[in-house]
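Structural overview for review
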Amino acid sequence: MSVDLVLHNAKIYTPKGIVHAGLAVDEGKILKIAKKTNLPHASKRLDIKGKIMLPGLIDPHVHLRDQQLAYKEDFLSGTSAAAAGGVTLTIDMPNNKPVTMSAKSLKERMKLAETRAVVNVAFHSAFPESLEEIPQIVKQGAVAFKLYLSQKVGGTEIEDDDALSRTFSKTSKMKVPVSVHAEHKKTLEAVKKKMQQTGRRDIEAYLRVHSPDAELKAIQHTIRLAKKTSVHIHFCHVSSAEGLKAVLTAKNTGLPVSLEATPHNLLLSSKHLKRYKTIALTDPPLRAEEDVEALWNAFRHGLIDALASDHAPHTVEEKEAESVWDVRAGIPGLETMLPLLLTQVDKGKLAMRNLIRATSKRPAEIFRLRDRGSLAEGYWADLVVVDMKREYRIDSSKFHSKAKYSPFDGWRVRGKPTKTFVNGQLIMDDEEIVANPGAGQILRWKG
Ligand code: DOR
Ligand code: ZN
Ligand code: ZN
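My aim in this report is to walk through the structure given alongside it, one point at a time. Please read all numbers here as calculations on a predicted model, not as lab measurements. Within each chain, residues carry numbers counting from 1 in the order of the written sequence. Labels are handed out in written order, letters beginning with A for the chains and numbers beginning with 1 for the ligands. Only residues with pLDDT of 70 or above have their local features reported here, since the model is predicted, and side-chain atom pairs are shown and tallied only from 80 upward, although totals for entire chains, interfaces and linings are computed over all residues. Just so you know, side-chain values use all the structure's heavy atoms and leave hydrogens and water out.

1. Observations regarding the overall build of the chain
Basically, it comes down to this: A run of DSSP states H or I qualifies as a helix once it reaches four residues; a run of E qualifies as a strand once it reaches two. Both are numbered from the N-terminal end. For the radius of gyration, the atoms used are the C-alpha atoms, and the globule rule reads 2.2 Å times the number of residues raised to 0.38. Partly exposed residues are those whose accessible area sits between 20% and 50% of the maximum for their type, while under 20% is buried and over 50% is exposed, using a 1.4 Å probe and protein chains only.
When its secondary structure is counted, the chain shows 14 helices and 19 strands. Here the C-alpha radius of gyration of the chain, 21 Å, is about what a compact globule of 447 residues would show, namely 22 Å. Based on the C-alpha atoms only, the size of the chain along its principal axes is roughly 70 × 50 × 45 Å. For the chain, buried positions account for 63% of its 447 residues.

Written as structure tokens, this is what we have:
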């Protein structure tokens, strides 16, 4: 018997532990993980030279843009950035132009991604105008719905509790999770009005508006409403100690909630805004050092379900507007997430198993991405080869993303993704994208 590919001489992170072995791939899936002598013949063999092999990252929060926002990013540039960063599956966000909020608009996005993406892509949809359309959107393949509580994106009236309750109830029947951007609109608006009345247009004013309190209120409100149903709520980019505590308390009482944290909220604090200014402006913003510490504590204890880049590319001009209220919030994160976190592993601040759990296993479980997220026989061969000996500086001018800036520019990191395989195919080799557009697959909800 001859298989498609054998990768041998690797240090493989399997669910059962680390094994020094090889991995045989056939028809895109992992057929066998075994010592060299027990591996089948293959038409192609590759020596991994003792480097480590991790499950490809599953990033549950990526703004791939394209369509009328293609000037910021498109499916090819965004997924190339993913591949360069060892991310083999991105879950796209719906705040596009047009907004992804119907079976038709989702189908349109899938059609574009199909011919352009080089890693696998799954999709969030915003809620539709009519709740009746929810099943059709799920049938079209959305793996989750996205709810912004900071502003209306999609059809649901976010300030109408009954409407929100009906939405949760309908979604819970489909068993699809709801990812929530938790910032309370009314709280944001009230403080913003005050700031603008006094002529404030600085970053400090932005932080006052996008406060931990706004996050906490939105989390509490969501939990209160979601409790009446069995809907799974996935809290996006939890950033404050108070917000985190509220989510973990809900989790402890047995509610079906999960949460994600971003590398920027784990590695930067509001102090960094002095140096990086609006380049580092995101929503939710960078927080106080106590908040950062609380996130790390939870992460180290395995309480953060998922790490998400919240890759949110904009043009440099959009990032550098005169008034903070005109600045576009968001940081491109796909190409820095893995090296930044591997550096923390190298420093002994983070256990590799916690990193792997939050970047592949848990996201696959939450969004029901079947046979993905682990290096095990029968699973898809989505994997990244990492060279832990490579120490280098992050250089945003080399990003594959169209957004060529980063608050992490110039940071020294250790651990470089050198090869990325998606569905058994080599996509990235030493920073270069070696696959054709369309090599990635569209992954649909299977329930
Ligand atoms: O910083 C952010 N950027 N937060 C959001 O909620 C949206 C995102 C974007 O799309 O740029
Ligand atoms: Zn968000
Ligand atoms: Zn986002």
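We are not done yet, so read on.
2. Topic: the sheet that holds strand 14 (residues 257–261)
Rules: When DSSP finds two or more bridges between two strands, those strands count as paired. Note on contacts: a residue pair qualifies if any of its non-hydrogen atoms lie within 4.5 Å across the two residues. For every element, the axis is a line fit to its C-alpha atoms; helices are fit only across the contacting stretch, and the angle between N-to-C directions ranges from 0 to 180 degrees.
Reading across the sheet, the 8 strands line up as 8-9-10-11-12-13-14-15 and stay open at both edges, with parallel pairing between neighbours. Bordering the open sheet on either side are strand 8 (57–62) and strand 15 (306–307), each of which pairs with just one other strand. Two strands pair when backbone bridges link them, and strand 13 (residues 233–235) and strand 14 are joined in this way by 3 bridges, in the parallel orientation. In the sheet register, His234 faces strand 14, and the bridge partner there is Ser258. Across the sheet, helix 4 (residues 161–174) is in contact with strand 11 (144–148), strand 12 (178–181) and strand 13; its angle to strand 11 comes to roughly 165°.

3. Regarding the packing of aromatic side chains
The cut-off we apply is this: Stacked, tilted and edge-to-face are the three classes assigned to paired rings of Phe, Tyr and Trp, where Trp is represented by its six-membered ring and a pair needs centres within 6.5 Å; plane angles under 30 degrees give stacked, over 60 edge-to-face, the rest tilted. The rule for a charge over a ring is simple: NZ of Lys or CZ of Arg within 6 Å of the ring centre, and within 35 degrees of the ring normal.
Applying the stated criterion across every chain yields a total of 5 aromatic pairs. Relative to Phe145, the ring of Phe127 has its centre 4.8 Å away and its plane inclined at 5°; by these criteria the two rings are stacked. Taken together, the residues span a long stretch of sequence, with Phe127 in the loop between strand 10 (120–126) and helix 3 (134–140) and Phe145 in strand 11 at a distance of 18 residues. Taking 5.8 Å as the distance between ring centres and 40° as the angle between the ring planes, the aromatic pair formed by Trp296 and Phe299 counts as tilted. Here Phe299 and Trp296 lie together in helix 11 (residues 289–300), a separation of 3 residues that amounts to about one turn. Exposure remark for Trp296: the relative accessible area of 0% places this residue in the buried category. By relative accessible area, Phe299 is classed as buried at 1%. Positioned above the aromatic ring of Trp296 is the side chain of Lys349, whose terminal nitrogen or guanidinium carbon lies 4.4 Å from the ring centre. The ring centre of Tyr392 lies 4.2 Å from the NZ or CZ of Lys416, which sits over that ring.

4. Regarding the environment of Ala329
Here Ala329 lies in the loop between helix 12 (316–319) and helix 13 (337–346). Considered as a pair, Ala329 and Ser396 are 67 residues apart in the sequence and their alpha carbons are 18 Å apart. Not counting residues within four places of it along the chain, the set of residues in contact with Ala329 comprises Tyr206, Leu281, Thr282, Asp283, Ala312, His314 and Lys319.

5. A few points about the coordination of the zinc ion (ligand 2)
Under the convention used in this document: Donor atoms are limited to N, O and S found within 2.8 Å of the metal ion, a distance that becomes 3.2 Å for Na, K and Ca. With water left out, some sites might look partial.
The protein atoms that coordinate the zinc ion (ligand 2) are His181 (ND1) and His237 (NE2), at distances spanning 2.1 Å. Between the zinc ion (ligand 2) and the zinc ion (ligand 3), a separation of 3.5 Å is found. Residue His181 is located in strand 12, and its partner His237 is located in the loop between strand 13 and helix 8 (241–252); the two are separated by 56 residues in the primary sequence. Classification of His181 by relative accessible area gives buried; the value is 5%.

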